[in-house]
Amino acid sequence: MRNRFITFPLDREKQNERTRGFARIAGFPMLQGAIDYTHFAMRAQHVNLVIYMNKKGFHSLNVQLVYDHTQCIMGVNTRYPESSHNVFTMRQSNMPAIFEPARQVKGWLLGDQGYPLMRWLTIPVRNTRTRAEWAYNESHAAMCNVIDRTIGVLKQCFRCLDRCVGTLQYSAERVSRFIVVCCTLHDLVIMREQSLPPIIQHDPEPEEEEAEAEGEEEAEDEREEMEGEVEEDKEHWPNLPGLCVLT
């Protein structure tokens, strides 16, 4: 069932539909999707305790999500614990395989400053100097608001994923499956054109607070460090039965 709903369509008609949809939101051209990560809280694990602890002091999975302009989830990667960096998680997903082949996808993914600039991944401009760069960042920020709303809707619709009402009292493997099921049902609601719940404000996620506190320069240093350690870190993560994006 998950393969039927969580997909990244590559046919030309769907690609054109996504670029038109994103352009209508904030005038951002040639976007094929938006990528972000969020934390889903769970109980302390009996094994590999430290790697699931985030900087805010609770245990969680670091989950990568990819959305389209309708808030439909096209990709979810629940395989890695909180201590895995979002750059590492992205490189272990199917996103590079989808976007790196020449002319397979006509456009880019949109990410925040936590990701490195790549040929197929666009991020905000640091230290804007021109009006064009300022306008680009304004449009980029508007698109990031769509990402935040999608995460908020997902957690509002499936309250078990929202730490405001508690943490999931299961193993990391089972929590990984729960997240995939919730993402699948989220897409099913959108495809059937049913109404989504309104977003209720909640405490910011750990990554949101960290981004504000650490600053752009520190985030850049961390990205460079993590990029060099991807292959080394790959051996240390538990092999959770989570889902990477399927096509």
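Scroll up for the structure.
Owing to the predicted nature of the structure, the values given are computational and were not obtained by experimental measurement.

### A closer look at the overall build of the protein chain
Each helix and strand counted, the protein chain has 8 helices and 5 strands in total. Each helix (α) and strand (β) of the protein chain, taken in turn from the N terminus, gives the series α-α-β-β-β-α-α-β-β-α-α-α-α. Residues counted as buried form 49% of the 247 residues belonging to the protein chain. Pairs at least 24 apart in sequence give 69% of the contacts found in the protein chain among residues at least 6 apart.

### Observations regarding helix 2 (residues 12-26)
For helix 2, with 15 residues, the first-to-last C-alpha span of 22 Å sits near the 21 Å given by 1.5 Å per residue. For helix 2, the full list of buried residues reads Q15, R18, T19, G21 and F22. The buried side chains of helix 2 occupy one side of the element, clustering within an arc of 165° when seen end-on. Opposite the buried face of helix 2, at more than 90 degrees from it, the exposed residues are E13 and R24.

### Some words on the pattern of salt bridges
Scanning all chains against the criterion turns up 2 salt bridges. In this structure, E17 engages K14 in a salt bridge whose closest nitrogen and oxygen atoms are separated by 3.9 Å. Of this pair, E17 and K14 both sit in helix 2, separated by 3 residues, roughly a single helical turn. The class of K14 is partly exposed, set by a relative accessible area of 35%. Where D162 meets R159, a salt bridge forms, and the shortest distance between an N and an O atom there is 3.2 Å. Judged by relative accessible area, R159 falls into the partly exposed class, the value being 34%.

Here is what the cut-offs are and how they apply
- Residues numbered from 1 in each chain as written.
- Predicted model: local features only at pLDDT ≥ 70, side-chain atom pairs only at ≥ 80, totals over all residues.
- Heavy atoms only, no water.
- Helix = DSSP H or I, 4+ residues; strand = E, 2+ residues; numbered from the N terminus.
- Buried < 20%, exposed > 50% of the residue type's maximum accessible area, 1.4 Å probe, protein only.
- Contact = heavy atoms within 4.5 Å.
- Expected span 1.5 Å × (residues − 1).
- Arc of directions from axis to C-beta.
- Salt bridge = Lys/Arg side-chain N within 4 Å of Asp/Glu carboxyl O.

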